[in-house]
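# Summary of the model geometry
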Amino acid sequence: MQNSKLHTPPKKLVIASRESALAMWQARHIQSRLQALYPETEVTILGMTTTGDQILDTPLAKVGGKGLFVKELEIALADGRADLAVHSMKDVPMNLPEGFILAATGEREDPRDAFVSNDYATLEDLPANSIVGTSSLRRQSQLQARFPHLKIESLRGNLQTRLRKLDEGQYAAIILAAAGLIRLELGNRIRQFIAPEHSIPAVGQGALGIEISADRPDLIATLAPLNHPDTQVCVEAERGMSRSLAGSCTVPLGAYAVCEADSIRITGFVASVDGKQMLIETAVGSRANAEALGKTLASQLVAKGADKILAAL
Ligand SMILES: NCc1[nH]cc(CCC(=O)O)c1CC(=O)O
């Protein structure tokens, strides 16, 4: 933290953000942190629409995945309209395009998936053939493994859109990330938090990513105080696992890491979409090499046959 006193921040900082309510909450959160750190700096937000926000009728797995939510923001970073972009880490591709780096990982909110329903208090209460909305293959596979009698249907759109579709009666229940609901003060919509053992979260779920152009190394010291070291190493381990398995939102895969004193404990899974094949492994290793720990976990999964499950997709 002494750094922030020693180094001179820029006079202006522009934050690129998607315009969804959650993205804007996250951008404003980072804006106020920066403003508190650097009262002399003018910190503004540049709101933008991304391709991912526009294609709402197709599951993400089919339209090309995570990159769709970050590309327009990266163009703004590259051409100097913005200095930093704030993302949900979950939406950040495993490999950033050349010329971009993650400058900081912001503290994780609750990483769990949440059960949201107007008619049922828990997943266990849903009658056979109930329609559950989610477009995440990760959520689908884990739900179907425990509740093969449920029907999963696609559900896209930002949080408000998804809640509206639930309220219109198209679904008996939907599954959302608790983090987004909590941040938008919609935590009262959560009927049940699904334990990470039952729904292993998405890589990076609940964490924030701060991306900059690799041509702006001057910003690294400016943004360093936003980094949350425990979140950073855990997300690094999760991303190491996913990267190693060439993971994206096109495959049913998840990983969740927690810090324990000097080590990290990470649990990850790979499954078939119907959840009938499900591999879950845990690895514990040093914080000092989080990415390598993720790779170790990936090789444990591969040793159990993960590559066969992934190839069959
Ligand atoms: N894929 C969209 C997305 N990206 C981040 C979040 C939630 C917040 C987070 O994980 O940080 C969501 C919505 C959801 O999955 O319900």
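An unreviewed UniProt entry lists the protein chain under the name Porphobilinogen deaminase, with Methylotenera mobilis as the source organism.

## Overview of the overall build of the protein chain
Counting its secondary structure elements, the protein chain contains twelve helices and 13 strands. In summary, the protein chain has a C-alpha radius of gyration of 19 Å against a globular reference of 20 Å for 313 residues, a match within 12%. Each principal axis of the C-alpha atoms in the protein chain carries an extent, and together these give about 60 × 45 × 35 Å. Per-residue burial for the protein chain yields a buried fraction of 45% across its 313 residues. Nonlocal contacts in the protein chain, meaning residues at least 24 apart in sequence, comprise 73% of its contacts between residues at least 6 apart.

## Quick notes on the domain arrangement of the protein chain
Per the domain assignment, the segments of the protein chain are domain 1 (2–106 + 207–227), domain 2 (113–194) and domain 3 (239–312). For domain 2 and domain 3, the distance between their C-alpha centroids amounts to 24 Å. Between domain 2 and domain 3, the contact holds eight residues from the first and eleven residues from the second.

## A short note on helix α2 (residues 21–37)
The end-to-end C-alpha distance of α2, which contains 17 residues, comes to 24 Å, matching closely the 24 Å that a straight helix rising 1.5 Å per residue would cover. Of the positions making up α2, those classed as buried are Leu22, Ala23, Gln26, Ala27, Ile30 and Leu34. For α2, the angular spread of the buried residues around the axis is 135°, confining them to a single face. Across from the buried face of α2, at angles greater than 90 degrees, the exposed residues are Ser32 and Ala36.

## Some thoughts on the pairing of strand β8 (residues 173–177)
Counting buried positions along β8 gives five out of five residues, so the element sits mostly inside the fold. Strand direction decides the pairing type here: strand β6 (residues 131–133) and β8, joined by two bridges, are parallel. Bridging from a neighbouring strand, Val132 pairs with Ala173 of β8.

## Section: the nonpolar core
What tends to happen in soluble globular proteins is that the nonpolar side chains get buried as a cluster. Counting residues in each nonpolar core, the largest one holds 59 residues, and the members touching the most others are Ile15, Leu84, Ile210, Ala237, Ile266 and Val270. Built from parts of two domains, this core gets at least three residues from each of domain 1 (2–106 + 207–227) and domain 3 (239–312). Leaving out residues up to four positions away in the same chain, Ile15 has contacts with Ala27, Ile30, Gln31, Val43, Ile45, Leu46, Ala82, Leu84 and Val86. In terms of nonpolar packing, the next biggest core, distinct from the first, is built from 21 residues, Ala114, Leu126, Ala172 and Ile174 among them.

## Considerations on the sheet that holds β8
In a beta sheet, neighbouring strands are held together by backbone hydrogen bonds and run either parallel or antiparallel to one another. Ordered in space as β7-β6-β8-β5-β9, the five strands form an open sheet in which the pairing is mixed. Of all the strands in the sheet, just β7 (151–153) and β9 (190–194) have a single pairing partner and so form its edges. With direction set aside, neighbouring strand axes in the sheet form an average angle of 30°. Sheet topology places β6 next to β7; three bridges connect them, and they run parallel. Following the sheet pairing, Ile131 is matched in β7 by Lys151. Along the sheet, helix α6 (residues 137–146) makes contact with β5 (113–116), β6, β7 and β8, crossing β7 at roughly 170°. Sitting on the sheet, helix α7 (residues 159–167) is in contact with β5, β6 and β8, with an inclination near 165° to β8.

## Considerations on the site of the ligand
In the neighbourhood of the ligand, the contacting residues comprise Ser88, Lys90, Asp91, Leu176, Ala177, Ala179, Gly180, Gln205 and Gly206. Contributing elements (two or more residues each) for the shell around the ligand: β8 and α8 (178–183). In terms of residue class, the shell around the ligand is built from three nonpolar, four polar and two charged. Both domain 1 (2–106 + 207–227) and domain 2 (113–194) contribute no fewer than three residues apiece to the shell around the ligand.

## Overview of the packing of helix α10 (residues 229–244) against helix α11 (residues 290–303)
Orientation of α10 relative to α11, taken along the N-to-C sense of each, is 40°, at an axis distance of 7 Å. Accordingly, the angle class assigned to the pair α10 and α11 is oblique. In the crossing of α10 with α11, the sense of the turn from one axis to the other is right-handed. Along the contact surface, α10 presents Val233, Glu236, Ala237, Glu238, Arg239, Gly240, Met241 and Ser244, while α11 presents Ala290, Glu291, Ala292, Leu293, Gly294, Lys295, Leu297 and Ala298.

## As for the environment of Leu137
Among the structural elements, Leu137 can be located in helix α6. With 23 C-beta atoms packed within 10 Å, Leu137 lands in the buried category. Linking Leu137 and Ala303, residues 166 residues apart in sequence, is a C-alpha distance of 22 Å.

## Re the environment of Tyr256
One can find Tyr256 in strand β11 (residues 253–260). Not counting residues within four places of it along the chain, the set of residues in contact with Tyr256 comprises Pro111, Pro196, Ile200, Pro201, Glu238 and Thr267.

About the cut-offs
Residues numbered from 1 in each chain as written. Predicted model: local features only at pLDDT ≥ 70, side-chain atom pairs only at ≥ 80, totals over all residues. Helix = DSSP H or I, 4+ residues; strand = E, 2+ residues; numbered from the N terminus. Rg over C-alpha atoms; globule rule 2.2 N^0.38 Å. Buried ≥ 20, exposed ≤ 12 C-beta atoms within 10 Å, placed from the backbone. Contact = placed C-beta atoms within 7 Å. Domains from an automatic or database assignment. Expected span 1.5 Å × (residues − 1). Arc of directions from axis to C-beta. Pairing = 2+ DSSP bridges. Core = buried A, V, L, I, M, F, W, Y, C linked by C-beta atoms within 7 Å. Axes fitted to C-alpha atoms, helices over the stretch in contact; angles between N-to-C directions. Near = placed C-beta within 6 Å. Nonpolar A, V, L, I, M, F, W, Y, C, P; charged D, E, K, R; others polar. Parallel < 35°, antiparallel > 145°, perpendicular 65-115°, else oblique. Left-handed = near helix turned anticlockwise from the far one by under 90°.

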